[in-house]
Amino acid sequence: MPKAWDDFHHVMESLRILLESDSRFQLSEQVQAQAYSYLFQLQATAYNMAIATHPDYPRFYTQQLFEPIYSWLAPNPDFIYSRTIVNPRRSYRISGRTGQLKMIVFQLQSMLFGYGMKRLGDHEITDFMLDSDGRFEIIASAEPQQGNWIKLDPSHEVNVISVRRAMANFGDDIGDIAIAALDNNPEQRYEPSGATLRQRIASAGSMANFTTRELTLKKYHQSLDHGGLNKPWLWGGPEGAAVGGADGATYGFITFELEDHQVMVIETDSPPSLYSGAQLTDVWLQTLDYVYHQSSLGMGQVKLDADGHARYVLGVRDPGVPNWLDTVGNKHGIVLLRWYYAEKKPQVKVKIIPFDEINTYLPLDTIRVSPQQRLETLRARQRAVLKIYGT
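Remember, predicted model here, so these are calculated numbers, not experimental data.

Colleague: Please give an account of the overall build of the protein that cites residues and values.
Modeller: Secondary structure summary: the protein contains 6 helices and 17 strands in total. Relative to the globule expectation of 21 Å for 391 residues, the C-alpha radius of gyration of the protein, 21 Å, shows essentially globular dimensions. Dimensions along the principal axes, computed over C-alpha positions, put the protein at roughly 65 × 55 × 40 Å. Counting the 391 residues in the protein, one finds 54% classified as buried. Across the protein, every contact between residues at least 6 apart in sequence was considered, and the portion connecting residues at least 24 apart equals 76%.

Colleague: Break down the pattern of salt bridges for me, citing the residues and quoting the values.
Modeller: All chains considered together, the criterion is met by 21 salt bridges. Where Asp22 meets Arg24, a salt bridge forms, and the shortest distance between an N and an O atom there is 2.7 Å. Judged by relative accessible area, which is 1%, Arg24 ranks as buried. Several salt bridges converge on common partners, so that one network encompasses Glu267, Asp305, Asp307 and Arg311.

Colleague: Hey, could you go over the sheet that holds strand β4 (residues 119-124) for me, with residue numbers and the actual values?
Modeller: If you walk across this open sheet you meet the 4 strands as β1-β7-β3-β4, and the pairing is antiparallel. Edge positions in the open sheet fall to β1 (79-86) and β4, since each of these has one partner strand only. Across this sheet, the average inter-strand angle for adjacent strands is 15°, counted without regard to direction. Here 8 bridges tie β1 to strand β7 (residues 159-166), and the two strands are oriented antiparallel to one another. Note that in β7 the partner of Phe79 across the bridge is Ala166.

Colleague: So what about the side chain of Gln279? Which residues, and what values?
Modeller: Among the secondary structure elements, Gln279 is positioned in strand β12 (residues 275-281). Judged by its relative accessible area of 1%, Gln279 falls in the buried class. A polar contact is formed between the side chain of Gln279 and the backbone oxygen of Pro75, at a distance of 3.2 Å. Apart from residues lying up to four places away in sequence, Gln279 is in contact with Ala74, Pro75, Asn76, Pro77, Thr287, Ser295, Ser296, Ile334, Val335, Leu336 and Arg338.

Colleague: An account of the packing of helix α1 (residues 2-21) against helix α3 (residues 194-226) is needed here, citing residue identities and associated values.
Modeller: Where α1 contacts α3, the two axes come as close as 8 Å, and the packing angle between them is 10°. Looking at the two axes, α1 sits roughly parallel to α3. Facing Ala4, Phe8, Val11, Met12, Leu15, Leu18 and Leu19 of α1, the residues of α3 in contact are Arg198, Ile201, Ala204, Gly205, Ala208, Asn209, Thr212, Arg213 and Leu217.

Colleague: Report on α1, specifying residues and quantitative values.
Modeller: Here α1 spans 29 Å end to end across 20 residues, near enough to the 28 Å set by a 1.5 Å rise per residue. All of the buried residues in α1 are Ala4, Phe8, Val11, Met12, Leu15 and Leu19. Looking straight down α1, one finds that the buried residues subtend no more than 90° of arc, so they occupy a single side. Turned more than 90 degrees away from the buried face of α1, the exposed residues are Pro2, Lys3, His10 and Ser21. Lining the buried residues of α1 we find α2 (29-51) and α3.

Colleague: Can you tell me about unusual backbone geometry, naming the residues and giving the values?
Modeller: Even without being glycine, Leu285 reaches a positive phi, approximately 65°. Turning to its location among the elements, Leu285 is positioned in the loop between β12 and β13 (296-298). The phi dihedral of Val328 falls on the positive side, at around 55°, and the residue is not glycine. Topologically, Val328 is positioned in the loop between β15 (324-326) and β16 (332-340). You can call Val328 partly exposed: its relative accessible area is 24%.

Colleague: Which residues make up the environment of Glu157, and what values do they have?
Modeller: As for its position among the elements, Glu157 is in the loop between β6 (149-151) and β7. For the pair Glu157 and Arg89, spaced 68 residues apart in sequence, the C-alpha separation works out to 8.8 Å. Leaving out residues up to four positions away in the same chain, Glu157 has contacts with Pro88 and Arg89.

Colleague: Quick rundown of the packing of aromatic side chains? Include the residues and the values.
Modeller: Inspection of the entire model under this criterion finds 17 aromatic pairs. With a centroid separation of 5.6 Å and 75° between ring planes, the pair formed by Trp235 and Phe253 is classed as edge-to-face. Of this pair, Trp235 sits in strand β9 (residues 232-236) while Phe253 sits in strand β10 (residues 249-257), placing them 18 residues apart in sequence. Both residues of the pair, Trp235 and Phe253, count as buried. Members of the aromatic cluster, joined through ring pairs, are Phe66, Trp72, Phe79, Tyr81, Tyr275, Tyr340 and Tyr341. Note that Lys219 overlies the ring of Trp235, its terminal NZ or CZ placed 4.2 Å from the centroid. Lying over the aromatic face of Phe79, Arg338 brings its terminal NZ or CZ to 5.9 Å of the ring centre.

The rules behind the values
Residues numbered from 1 in each chain as written. Predicted model: local features only at pLDDT ≥ 70, side-chain atom pairs only at ≥ 80, totals over all residues. Heavy atoms only, no water. Helix = DSSP H or I, 4+ residues; strand = E, 2+ residues; numbered from the N terminus. Rg over C-alpha atoms; globule rule 2.2 N^0.38 Å. Buried < 20%, exposed > 50% of the residue type's maximum accessible area, 1.4 Å probe, protein only. Contact = heavy atoms within 4.5 Å. Salt bridge = Lys/Arg side-chain N within 4 Å of Asp/Glu carboxyl O. Pairing = 2+ DSSP bridges. Axes fitted to C-alpha atoms, helices over the stretch in contact; angles between N-to-C directions. Polar contact = N/O pair within 3.5 Å; in protein donor to acceptor, adjacent residues only side chain to side chain. Parallel < 35°, antiparallel > 145°, perpendicular 65-115°, else oblique. Expected span 1.5 Å × (residues − 1). Arc of directions from axis to C-beta. Phe/Tyr/Trp six-rings, centres within 6.5 Å; stacked < 30°, edge-to-face > 60°. Lys NZ or Arg CZ within 6 Å of the ring centre and 35° of its normal.

Below, the structure written as structure tokens:
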């Protein structure tokens, strides 16, 4: 056991060195503070996801994965993420209710994030039969089942089921979801043996290593290489699925650098999609605070112009328009755009302009937002988000 512990801490120490040696570490003291915050988050979620979960006693964990205080890997504020590890030699019933959700995606992998991870399948809720009130039951098993069925793969020691539930607006009815084994014959007792815990600690280290190298470090530099500073880079499909993203998602990255007197205007053609939205992260792909700041806008919150395009205004100062994305005081960061199951490839244009020239670049009929209206919007946002994750 001591060796497993030491091996995990060796991984964490190697990742600390990688972050400190990365070029962005020298951008500012704030960026350095965010790097160390990331390392603490990494350890906390490694415990939550790899050590605390049990494949023979599954449940859809929400508050141990991505929520307002767990911001690593750029979780979408409009998504309620749930994840569980299951024993693929058993069968399970997944039940729930869709509520007002715009999309529910079930994603299966052969393991937690790590090298050698295999995608086992993606399913959208519209693939299944639902009751008139949006209720559903799905059997997850290795053997085919009549009706709603998700195939498990027993050739792997475990299967991981991840769920993304997409809201259009904070405060929407988010429905519910649960999982339960169809038998009462777990292969292992609840308390882990020494061998099991050693295996889980190794999995925690593997997850930390993979996510840091392949997502936190690599995607930032790919954005600069393929797009450039303050320019968009679109990716997704198999490339996204290989690192734990959804198969039907298109991602847009804009690595930004803004001065206080500047804003970035982002224009997209908003192709029809099951879900679309925009959010901000720091340079380490940690989602910026979205409870007390308007650092994200989902498809039910963004205001489209008469031409059907969405125009976001990114900046430190409030420009007095609905589609403001607040950088929360960050000079450096990443804009992350998402389209799920879009009918066509999105188009994105970006322009940096002086704050005082905003009106020159926005349509004449752009709605204006007063300071009082902004305050009321933020208060409503805060109440709705905290109701989801606890007060």
